[in-house]
Protein chains: 2
Amino acid sequence: MSEREIAIAGVGMTRFTRQADRGHRDLVEEAVTAALTHSGLAPSDIQATFCASVAGGAAIGQRTLKNLGLAGRPIVNVENACASGSTALIEAQAWLLAGFCDVALAVGVEILSASRGPLAVRTPGETSWIFETGLNLPGWYALKASRHMNEHGLTLEQLASVVVKNRRLATLNPYAHFRSEVTAEEVLGSPMIASPLTLYQCCPKVDGAAAVIVCTADFAARHGLTPVWVRARALTSGTQVFTDAPEPADGAHRAAALAYERAGLGPEDLDVAECHDAFSIGEILYTEALGLCADGDGGRYIAEGSTSPGGKGPVVNPSGGLLSRGHPLGASGLGQVAEVVWHLRGEAGSRQVPEARIGAVHTMGGSEFELDSNACSVHILERA
Amino acid sequence: MSEREIAIAGVGMTRFTRQADRGHRDLVEEAVTAALTHSGLAPSDIQATFCASVAGGAAIGQRTLKNLGLAGRPIVNVENACASGSTALIEAQAWLLAGFCDVALAVGVEILSASRGPLAVRTPGETSWIFETGLNLPGWYALKASRHMNEHGLTLEQLASVVVKNRRLATLNPYAHFRSEVTAEEVLGSPMIASPLTLYQCCPKVDGAAAVIVCTADFAARHGLTPVWVRARALTSGTQVFTDAPEPADGAHRAAALAYERAGLGPEDLDVAECHDAFSIGEILYTEALGLCADGDGGRYIAEGSTSPGGKGPVVNPSGGLLSRGHPLGASGLGQVAEVVWHLRGEAGSRQVPEARIGAVHTMGGSEFELDSNACSVHILERA
């Protein structure tokens with residue numbers, strides 16, 4: 001799977017911010033129209049669509065796409081918690097590689113800002129005993145942070161440094177919800193959500209949509225498109241935390257290892273990466289999982305600026321990450337892909353990572369249901 | 001795509017009936033365990049899982065599969081209204097044909113009996129103006145029935161004959177919810193739901209799960225499995241009913257035509273078919289869409305016994321169909337596949353269609369959102 005068989009032909013997204021009143025359809029139409037414009041393709045070129053949303057309700061794709069001229073052709077709705085968007089992109093690629101179509105659209109959308117409290121996945125008639133204990137997502141990540149502090153000496157200042165870095169980067173990103181800097185003192189002084197994670201260490205709940213158009217290499221060549229190659233994609237689910245006792249971010253380690261193996265590349269090849277910093281500790285764990293530093297060393301590595309512009313590693317979350325841009329679940333993974341594609345095409349404006357050639361996108365989906373994750377995907381992209 | 005590349009290795013399902021107290025996980029475990037036993041495979045053989053549900057909530061696959069030993073490997077949740085299960089099966093096949101894996105599981109589950117009234121897809125903060133008019137699914141199908149009566153002379157007795165046939169067939173099916181016969185008088189005398197559709201012409205809302213294991217032809221051969229071949233699969237979505245003015249069941253006609261073309265087969269080759277009789281008029285429209293008779297002639301064709309055992313056409317809905325077995329949305333399409341697979345393997349017991357060699361499965365997903373369908377899938381299966 002390391003061949004250059006699949007091209008990303010275009011990407012587009014709305015700003016991720018509080019805009020619940022716009023509704024799903026308006027958000028989807030803006031993101032898809034932007035991706036079509038970016039690719040140079042027309043709606044009639046899209047042969048199948050994969051729509052990601054967690055809370056958007058049944059038939060979200062059919063409801064939001066019909067005015068775009070995409071009705072009639074196959075539409076599949078995909079859900080994989082916070083990794084829904086990335087999973088939709090994998091399904092689109094599966095259709096291309098299976099020979100079902102030549103061009104496919106992955107689009108994700110979420111309206112979250114209207115809901116209160118930590119996001120809870122509730123199913124009528126069923127309760128998760130874990131969730132009832134209060135172990136929602138901030139709680140899970142707080143436990144991971146406490147373990148990291150205990151086992152590896154992670155400090156509160158290192159946790160805060162992730163937020164300081166990402167909020168600084170986001171000042172250059174017009175798609176981000178937060179576009180102002182914060183200091184480490186402000187991060188650590190913000191209200192405690194789940195110790196040691198303070199409010200500014202938790203991503204904001206926002207609304208938005210993002211879209212990615214993929215096609216076969218043949219189609220890209222025939223139509224003179226500007227491809228960004230998908231060198232590899234990997235999807236895992238987590239193992240059971242109470243019986244299999246995995247290491248933190250076990251699913252992410254496995255997904256990253258699979259993606260590197262399939263691409264024939266390694267962490268040393270990366271110029272840029274978007275990784276799933278829904279919480280500050282997340283970026284630390286997944287920087288390690290992506291192999292950018294040794295396990296346990298993520299806090300120090302980030303705090304010393306290794307993944308900041310000009311650092312010794314790839315720039316991680318040049319968009320400002322979920323901590324700044326916000327996290328509209330079904331759209332988030334595709335927003336990450338859009339950011340990396342812009343850097344690989346040299347289109348990232350004032351936040352451009354210079355000469356970016358290889359990028360990674362890491363998306364994590366949930367860890368509420370006795371699994372260390374519901375889904376983790378890693379993509380490796382390469383400029384043409 | 002007409003090659004014998006994909007084998008159905010095993011199928012399993014729970015009875016479809018009122019059993020909401022069992023919960024999603026218990027239903028999924030029964031269906032998947034049955035499919036594993038049927039195939040002769042172990043949980044460790046399953047490399048990826050596609051889970052279908054409409055109302056099951058986020059991460060339904062991860063929540064229901066973890067005790068089966070399937071955690072750690074990729075799990076993707078798929079939703080396509082009433083065609084969710086069939087769509088999950090298509091995604092599983094896409095992964096096989098893309099080379100992502102050799103063996104995949106599609107499982108669908110739904111708990112519906114606890115909800116009241118016609119099924120409504122409601123999204124927080126958004127309303128469908130169409131739904132607000134009362135055009136829920138019984139209403140849509142009632143309009144289709146009225147149009148058929150007006151344009152083609154469909155009679156109430158012909159509508160009732162669909163129910164009489166399917167309820168009679170269901171007396172032989174231990175998986176069906178209703179297992180007693182009804183007369184045409186009883187069908188037409190049952191309470192009016194949406195004129196001309198009476199209660200017995202609407203499928204019951206039940207709970208259940210169904211599972212289908214697919215693998216590559218190579219894997220089936222290496223492991224000495226008993227394959228049922230997938231000769232073709234097709235997925236469409238509907239066009240806009242208020243602007244594109246399609247014929248009734250336009251999406252179904254297109255899906256059937258695609259499937260036949262891809263299989264290199266035609267309606268004359270079918271020995272058995274399961275088709276989406278969520279309402280009596282549905283079986284009439286989709287019998288026509290599958291090309292078993294001329295458009296407009298479905299009522300007469302079914303009423304004269306052409307699709308009953310011993311009739312001149314293939315047996316349609318030997319399971320008793322959705323009208324008897326019930327319609328647990330995410331599970332329904334995979335339950336249809338299970339039924340056809342049993343007939344093709346000669347395992348359908350007292351309701352066996354003799355010498356069944358080729359079968360079709362037609363599943364329809366919704367028609368609430370200004371589209372004539374959200375999704376329509378047709379599979380053509382062949383015994384080894």
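Remember, it's a predicted structure, so these values are computed and weren't measured experimentally. (Residues numbered from 1 in each chain as written. Chains lettered and ligands numbered in written order. Predicted model: local features only at pLDDT ≥ 70, side-chain atom pairs only at ≥ 80, totals over all residues.)

Peer 1: Got a minute to help me understand the overall build of chain A in this structure?
Peer 2: In terms of regular secondary structure, chain A is built from 13 helices and 12 strands. What you see for chain A is a C-alpha radius of gyration of 19 Å, in line with the 21 Å of a compact globule of 384 residues. Expressed as a percentage of its 384 residues, the buried residues of chain A come to 65%. A separation threshold of at least 6 residues defines the contact pool for chain A, and within that pool the share at least 24 residues apart is 77%. (Helix = DSSP H or I, 4+ residues; strand = E, 2+ residues; numbered from the N terminus. Rg over C-alpha atoms; globule rule 2.2 N^0.38 Å. Buried ≥ 20, exposed ≤ 12 C-beta atoms within 10 Å, placed from the backbone. Contact = placed C-beta atoms within 7 Å.)

Peer 1: Is there a simple way to think about the interface of chain A and chain B in this case?
Peer 2: When the parts of a complex come together, some accessible area is lost, and that lost area is often used as the size of the interface. In this assembly, 50 residues from chain A lie in contact with 51 residues from chain B. For the side of chain A that touches chain B, the elements supplying multiple residues, two or more each, are helix H1 (23–39), helix H2 (60–65), strand S3 (75–79), helix H3 (84–98) and strand S8 (228–236) of chain A. If you tally residues by element for the side of chain A that touches chain B, the top one is H3 of chain A, at six residues. Partitioned by chemical class, the residues of the side of chain A that touches chain B number 23 nonpolar, 19 polar and eight charged. When S3 of chain A meets strand S3 (residues 75–79) of chain B, the two strands line up antiparallel, connected through three bridges. Each residue of the ladder has a partner; that of asparagine 77 of chain A, found in S3 of chain B, is glutamate 79 of chain B. (Nonpolar A, V, L, I, M, F, W, Y, C, P; charged D, E, K, R; others polar. Pairing = 2+ DSSP bridges.)

Peer 1: I tried to follow the confidence of the model for chain A on my own but got confused; where do I start?
Peer 2: Fine structural detail should not be taken from predicted coordinates in areas where pLDDT scores are low. Summing up the model confidence of chain A, the mean pLDDT is 93 and the portion of residues at 70 or higher is 94%. Model confidence for the complex: the whole-complex pTM is 0.97, and ipTM, which rates the interface, is 0.96. (pLDDT = per-residue confidence, 0-100.)

Peer 1: Help me understand the pairing of strand S7 (residues 207–216) of chain B in this model?
Peer 2: If a strand is regular, its side chains alternate between the two faces of the sheet. All names here are of chain B. Across the 10 residues of S7, nine count as buried, placing the element largely inside the fold. Sheet topology places strand S1 (residues 6–13) next to S7; seven bridges connect them, and they run antiparallel. In the sheet register, alanine 7 faces S7, and the bridge partner there is cysteine 215.

Peer 1: Whenever I open this one, the relation of the copies chain A and chain B confuses me. Can you help?
Peer 2: One copy of the chain maps onto the second through a rotation about an axis and a displacement along it. Relative to chain B, chain A is turned by 180 degrees and slid 0.0 Å along the rotation axis, the superposed coordinates differing by an RMSD of 0.0 Å. Those values place the two copies in the arrangement expected of a two-fold rotation axis. Residue by residue, 100% of the interface of chain A is reproduced at the interface of chain B, so both copies engage with the same surface. (Least-squares fit on C-alpha atoms with pLDDT ≥ 70 in both.)

Peer 1: Looking at this structure, I do not really get the domain arrangement of chain A. What am I missing?
Peer 2: Residue and element names in this part refer to chain A. If you check the domain split of chain A, you get domain 1 (6–115 + 206–228) and domain 2 (136–175 + 232–383). The C-alpha centroid of domain 2 is placed 23 Å from the C-alpha centroid of domain 1. Contact with domain 1, which involves 36 residues of that partner, is made by 31 residues of domain 2. Going through the elements one at a time, strand S1 (6–13), H3, strand S4 (103–111) and strand S7 (207–216) are the ones with two or more residues in the side of domain 1 that touches domain 2. Taken together, the residues of the side of domain 1 that touches domain 2 break down into 20 nonpolar, 13 polar and three charged. (Domains from an automatic or database assignment.)

Peer 1: Is there a simple way to explain the pairing of S1 of chain B in this structure?
Peer 2: All names here are of chain B. Counting buried positions over the eight residues of S1 gives eight, a clear majority of the element. Inspection of the sheet shows S1 paired to strand S8 (residues 228–236) by three bridges, in the antiparallel sense. Its bridge partner lying in S8, isoleucine 8 is registered against valine 228.

Peer 1: What should I look at first to understand H3 of chain A in this one?
Peer 2: At 3.6 residues per turn, the α-helix brings residues three or four places apart onto the same side. Residue and element names in this part refer to chain A. For H3, with 15 residues, the first-to-last C-alpha span of 21 Å sits near the 21 Å given by 1.5 Å per residue. Most of H3 sits out of view: 14 of its 15 residues are buried. Immediately beyond the C-terminal end of H3, within one or two residues, lies glycine 99, with a positive phi of roughly 85 degrees. (Expected span 1.5 Å × (residues − 1).)

Peer 1: Is there a simple way to think about the nonpolar core in this case?
Peer 2: Side chains that are nonpolar tend, in soluble globular proteins, to be buried together. Counting residues in each nonpolar core, the largest one holds 278 residues, and the members touching the most others are Ala211 and Val212 of chain A together with Ala211 and Val212 of chain B. The contact partners of alanine 211 of chain A, leaving out residues within four places of it in the chain, are Val11, Gly12, Met13, Ala31, Val32, Ala35, Leu105, Ala106, Val107 and Leu334 of chain A. (Core = buried A, V, L, I, M, F, W, Y, C linked by C-beta atoms within 7 Å.)

Peer 1: Can you walk me through unusual backbone geometry in this structure?
Peer 2: Leave glycine aside and you will find that most residues have negative phi; peptide bonds, for their part, are mostly trans. With an omega dihedral of 10 degrees, the bond running from serine 195 of chain A to proline 196 of chain A counts as a cis peptide bond. In this fold, proline 196 of chain A is placed in the loop between strand S5 (192–194) and strand S6 (197–198). Positive phi, normally seen in glycine, also occurs at asparagine 317 of chain B, with a value near 60 degrees. The residue asparagine 317 of chain B is located in the loop between strand S10 (315–316) and helix H12 (321–325) in this model. Using a count of 29 C-beta atoms within 10 Å as the deciding quantity, one classes asparagine 317 of chain B as buried. The residue glutamate 355 of chain B is not glycine, and still its phi comes out positive at about 55 degrees.

Peer 1: Is there a simple way to explain the environment of glycine 23 of chain A in this structure?
Peer 2: Summarising the element assignment, glycine 23 of chain A is placed in helix H1. Judged by C-beta crowding, with 18 C-beta atoms within 10 Å, glycine 23 of chain A ranks as partly exposed.

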